[in-house]
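Each chain is listed here by its residues.
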Amino acid sequence: MIGYLTFGLLALLSLSIPVGIVLFLLGFGIDTFFSPFPLMKGLGNLVWSTSNNATLIAIPFFVLLGEILVRSGIATRTYAALDRWVSWLPGGLVHANIATATMFSATSGSSVATAATVATVAMPQAEKLGYDPKLFSGAIAAGGTLGIMIPPSINLIVYGFLTQTSIPRLFLAGLVPGIALALSFVVITMIICAIRPSLGGERRFFPFSEMLRALAELIPIILLFTVIIGSIYNGWATPTEAAAVGVAGAIVIAAIFGGVSLQMFSQSILGTIKITSMIMLVVIGASFLNFTLASAGIGRELQAFIGGLGLSPLMTILVIVCIYIVLGFFIETLSLMVVTIPIIVPIVVEMGYDPIWFGILMIVLIEMALITPPVGLNLYVVQGARKSGTMSEVMLGTIPYILAMLAMAAALIVVPEIALFLPNALE
Amino acid sequence: MAEAILVRLRTANRWVALLVGVLLLACVAFVLTDIVLRQLGSSLGGTDEISGYVMAIATSWGMGYALMELGHVRIDILRSRVRARGRALFDLLAMASMAGVISLIAVRSWPVLERSLANSSRANTPLETPLALVQAPWFAGWVWFALSTWLTFLAAAWLVSRGEFERSEHAIGTFGEVDALK
Amino acid sequence: ETLSVVGSWSGLPLHKQYEAPFWSETLPAASGGNLEVALTTHDQMNLGVGDVFRLLGDGVYDVAMTVADYAVADAPELEGLDVPLLALTADEARAMVDAARPMVEDIYNTRFNSHVLAIAPYPPQVVFCNAEVSSLDDLQGLKVRASGRMTAKFLEALGAEGVNVAFSEVPGALQKGVVDCAVTGAGSGYSAGWWEVSTHLLPIPLGGWDSVVTAVNLDKWNGLDADTQALIADTIKAEFEDPAWASAQNALVSDIACLTGNGECASGDARSMTLVEVSEADFEKARAVLVDEVLPDWASRAGDDWAARWNDSVGATVGVTVMAK
Ligand code: NA
Ligand code: NA
């Protein structure tokens, strides 16, 4: 079954059939060849119950929030302000990509939305200033993944939902690793650009007074972060509802600091529908594939496999990490979580690991999956925002950041307190 | 003829997408109202439930717009290496498989609605929403999307058969390429 | 013969302690190797909880089990299986379920094209409050999270405000005051850490017992020979249903001890929630609300025929008569 899946996936994807449709086709195949049951009869119900889901509505809300920030000009000004602060580093504007992505991650629950926001404002700059397109777009794709680590986070909401762990605690646990990961992106960019200065473009220095003035441009985004996170921690809104608070906040902030018009609204809506539909077709396809796989017994295969190895807890975690890296190449991330959490998390918790900690470790691996080909949504979003060049450039550009993520995963395994310190301290 | 169909379809889906957006904004307003009311010690109730319905309906009706905008992700490792005629064949294959799968979804969605109608099913919530009331527009969205995929496929096939590869690529290509053409 | 079986929530004790061993070991062994079982659970399949029995009827799998209450969207009459507050002990709950069994059998036959094999309990659904509560009257005006139509309506009839919150968001919602109280099984509340964020526990089944129905697709069932049918029916009663019920009362007592510190806790460290004793008068009042408002409301949803049937079976067992509106 695993062989069929791998081969089928690669073959159908390389025929350039839409990714969501490929997942459905694979599901039909599993139904036909590996299951004696008429699973097709469940197709309609699966599509209904996957999309009739209040948690997923956070996706269009967070995308819309990002669109409003872009089209009101707030995103561009945030980017310019951060550029003043970081582009003196070796790597120049690449750091502005990472810093902006980090900033937007704090208001967006979605990595795709974060990457889309930053890519839209940053891409024109790269062409203007002559940056290496690989590293530049790789940094956006990777920086965008922070959207699901730094709270708020759709994926942590889903994790909390499936494992019955506290979502606010998960959010707290993601904060420090998220910031640490952002810093490690900065460090690795500096190292690369110190070795090969040609990759990093021009380092630019701004007078300190201009840097101070630029800080004012960060006020809108900081306000928005305060409203979203504040509404959760003050008990006004659940984490899902906070996405709606974010949209309203973005509209108000855009009205005050940028400008709103009917034109801007309709553009934002259209952009939102396009990205949401793209994500949902993949999510629904993955959900159907998951349904057929579960029926055909992949959960038992996986559980028996891990249990049968008879490894120590640490070795088991390492095996699980490897499984996620491999699956992450092929499976869309939300579906990857939905497919694996019910199988993997009980094993992990049984061995005495903290489910909050594992949630954060999983998010690092999920972030990696977002930028590994062939199925890596952030790669497509960034490529979509580029006007030229090939997909493989973006893929090559993410390699240094994938290394940083691997280092982060290792650090989390060795020092779990990186994730657990904050939620425990605030108890 | 083919071009005219594509233009009409694009316009129609654009309006549909805008309406879906209005539905989402209404949902934002509804959630906010509930949050405010809760602070005042009352509640509309059912925000979770209604958000779910909105998501289902927004999803099925929004798909067509993403199709028109070439938004559904494809991987063009092989496709990008061949000439216009080859690319057109890749595109037609992708479009045909999409039309087939989406039609299947639309057909299989009917029994869901049919069962809710037959049982007069109502949601297991205090709102007791009649499920058919929300499943009917959801189902209609998939039918519309299926219709859009077939019309797009037929129009593009017509263009390809007449050797108008650039135009077919504009209709069913991948969006990196389309931007590159501009 | 291979049976494809879809179990209930994979994380809860009913599945881990009873369902999983029964289907993967006990039944295949009892059949002497004639029956093989492929077991998964509806949460692992990512099924909507309302679809579990729909798809069973369509023959997507052979056997399925989940909370009957999840299926009431398609069968409002099924709400009568699990009425809140009528059964206070496991014995009473079992008597109620036994009385309802013929009704449930007919409902599953006609609505879900399936045959009922067993009905087992989840622990009763009790009330966790992060608010000073000393009687049922105190629920008035509080924001309460409940799942399921009848429970929510009952709480509203008691004067509480129903709020929708996902299960995983409940602790945060309790802590921050998005809700004041929430209803769930005592054991689930204990293992999900609800005691961290709530102070008072009302140990009465305001949410009922959440009966879990195990059913088999009717075509599949009719296709089995009589011996196999008897084997399955007998084994599931003796090796799954009876043991699950036998442990239910002790589990409730232990779970409440775990939450409040009154008595032996078998699952871990005991916590110190305040146990709210519900007075007889209080209880009678709530029951009056149930009988006068909530049940007649249900009767109008389910229809007079079902209400009459319920009166003759379950109602007679617990001493309650539903008056149609
Ligand atoms: Na975020
Ligand atoms: Na990937």
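Residues numbered from 1 in each chain as written. Chains lettered and ligands numbered in written order. Predicted model: local features only at pLDDT ≥ 70, side-chain atom pairs only at ≥ 80, totals over all residues. Heavy atoms only, no water.

Could you give me a rundown of the overall build of chain C, with the residues and numbers involved?
Tallying secondary structure elements over chain C gives 10 helices and 11 strands in all. Relative to a compact globule of 325 residues, whose C-alpha radius of gyration would be 20 Å, chain C shows 20 Å and is just as compact. Over its C-alpha atoms, taken along the principal directions, chain C stretches across nearly 60 × 50 × 30 Å. Here chain C holds 325 residues, and 63% of them are scored as buried. For chain C, restricting intrachain contacts to residue pairs at least 6 apart in sequence, the fraction spanning at least 24 positions comes to 74%. Carbon together with sulfur atoms contributes 47% to the accessible area of chain C, which is approximately 11,200 Å² in total. Positive and negative side-chain charges of chain C, numbering 18 and 47 respectively, have mean locations separated by a distance of 5 Å. (Helix = DSSP H or I, 4+ residues; strand = E, 2+ residues; numbered from the N terminus. Rg over C-alpha atoms; globule rule 2.2 N^0.38 Å. Buried < 20%, exposed > 50% of the residue type's maximum accessible area, 1.4 Å probe, protein only. Contact = heavy atoms within 4.5 Å. Areas by Shrake-Rupley, 256 points an atom, 1.4 Å probe, with all protein chains shown as cover. Lys, Arg positive; Asp, Glu negative; His and termini not counted. Charge placed at Lys NZ, Arg CZ, Asp CG, Glu CD.)

Got a sec to walk through the overall build of chain B? Specific residues and values, please.
When helices and strands are tallied, chain B shows 6 helices and 0 strands. By the compact-globule yardstick of 16 Å for 182 residues, chain B is too spread out, its C-alpha radius of gyration being 20 Å. When its C-alpha atoms are laid out on the principal axes, chain B stretches across 65 × 40 × 30 Å. Taken across its 182 residues, chain B has 55% of its residues classed as buried. Put simply, 72% of the contacts in chain B that link residues at least 6 apart link residues at least 24 apart. Just so you have it, chain B exposes about 7,900 Å², and 67% of that area is on carbon and sulfur atoms. Side chains of chain B carry 16 positive and 14 negative charges; the gap between the two charge centres is 7 Å.

Describe in detail the coordination of the sodium ion (ligand 1), supporting the description with residues and values.
Ideal values for angles at a metal depend on the geometry: 109.5 degrees with four tetrahedral donors, 90 or 180 degrees with six octahedral donors. Residues and elements named next belong to chain A. Only S105 (O), S108 (O), G147 (O), I150 (O) and P152 (O) from the protein coordinate the sodium ion (ligand 1), and they sit 2.2 to 2.4 Å from it. Taken in chain order, the donor set of the sodium ion (ligand 1) reads S-x2-S-x38-G-x2-I-x1-P. Of the two residues, S108 is situated in the loop between α6 (93-105) and α7 (111-129) and I150 in the loop between α8 (133-145) and α9 (154-163); the sequence distance between them amounts to 42 residues. The two residues S108 and I150 agree in class, both being buried. (Donors = N, O, S within 2.8 Å, 3.2 Å for Na, K, Ca; no water.)

With reference to specific residues and values, describe helix α1 (residues 2-39) of chain B.
With 38 residues, α1 of chain B should reach 56 Å at 1.5 Å per residue; the first-to-last C-alpha distance of 56 Å fits that figure. Trailing α1 of chain B by a residue or two, G41 of chain B shows a phi angle of about 85°, which is positive. (Expected span 1.5 Å × (residues − 1).)

Tell me about the packing of aromatic side chains, and please be specific about residues and values.
Enumeration according to the criterion identifies 22 aromatic pairs over all chains in this entry. Where Y4 of chain A meets F33 of chain A, the ring centres are 6.3 Å apart and the plane angle is 70°; that geometry is what we call edge-to-face. Here Y4 of chain A is found in helix α1 (residues 2-14), whereas its partner F33 of chain A is found in helix α2 (residues 19-34), with 29 residues between them in sequence. Residue Y4 of chain A is classed as partly exposed on the basis of its relative accessible area of 24%. With a relative accessible area of 62%, F33 of chain A lands in the exposed category. Pairing W48 of chain A with W138 of chain B gives two aromatic rings, centres 5.1 Å apart and planes at 70°, and the pair type is edge-to-face. Here the residue W48 of chain A occupies a position in helix α3 (residues 43-51), and W138 of chain B occupies one in helix α4 (residues 131-161), the pair thus bridging two chains. The class for W48 of chain A is buried, based on a relative accessible area of 6%. (Phe/Tyr/Trp six-rings, centres within 6.5 Å; stacked < 30°, edge-to-face > 60°.)

Tell me what's going on with the UniProt feature "transmembrane region" (unreviewed entry) in chain B, and back it up with residues and numbers.
Residue and element names in this part refer to chain B. When the UniProt feature table is mapped onto this chain numbering, "transmembrane region" (unreviewed entry) sits at residues 15-38, 50-68, 88-107 and 139-160. Counting secondary structure, residues 50-68 comes out at 100% helix and 0% strand; the distance between its end C-alpha atoms is 28 Å. Taken end to end, residues 139-160 is 100% helix and 0% strand, and its first and last C-alpha atoms sit 31 Å apart. (UniProt positions renumbered as here; feature names shortened; annotations may be inferred.)

A description of the sheet that holds strand β1 (residues 2-7) of chain C should follow, citing residues and the corresponding values.
Residues and elements named next belong to chain C. Spatial strand order, β2-β1-β3-β10-β4: 5 strands in an open sheet with mixed pairing. Strand pairing shows two members of the sheet lacking a second neighbour, β2 (36-41) and β4 (114-121), which therefore form its edges. Direction aside, neighbouring strands of the sheet carry axes that sit 20° apart on average. The pairing of β4 with strand β10 (residues 211-217) spans 7 bridges and is classified as antiparallel. By the bridge assignment for β10, V116 is matched with A215. The strands that helix α1 (residues 13-30) touches are β1, β2, β3 (63-67), β4 and β10; relative to β2, the one it contacts most, it runs at about 160°. Of the strands in this sheet, β4 and β10 are in contact with helix α3 (residues 90-112), which crosses β4 at around 140°. (Pairing = 2+ DSSP bridges. Axes fitted to C-alpha atoms, helices over the stretch in contact; angles between N-to-C directions.)

Account for the confidence of the model for chain C, naming residues and giving values.
Scored by pLDDT, chain C comes out at a mean of 89, with 98% of its residues at no less than 70. For this predicted complex, the interface confidence comes out at an ipTM of 0.88, alongside a pTM of 0.87. (pLDDT = per-residue confidence, 0-100.)

Can you break down the pairing of β10 of chain C residue by residue, with the values?
Residue and element names in this part refer to chain C. Buried residues dominate β10, accounting for 7 of its 7 residues. Pairing analysis gives 5 bridges linking β3 to β10, with the strands arranged antiparallel. In the strand pairing of β10, V67 is matched with V212.

Please set out the packing of helix α18 (residues 355-370) of chain A against helix α20 (residues 391-414) of chain A residue by residue, giving values where relevant.
Residues and elements named next belong to chain A. In the contact formed by α18 and α20, the axes pass within 9 Å of each other and the chain directions differ by 170°. Classed by the angle they form, the pair α18 and α20 counts as roughly antiparallel. The element α18 and its partner α20 pack so that their crossing is left-handed. For the pair α18 and α20, the contacting residues are W357, I360, L361, V364, E367 and M368 in the first and I402, M405, L406, M408, A409, L412 and I413 in the second. When grouped by side-chain class, the residues that make up the contact of α18 with α20 number 12 nonpolar, no polar and 1 charged. (Parallel < 35°, antiparallel > 145°, perpendicular 65-115°, else oblique. Left-handed = near helix turned anticlockwise from the far one by under 90°. Nonpolar A, V, L, I, M, F, W, Y, C, P; charged D, E, K, R; others polar.)

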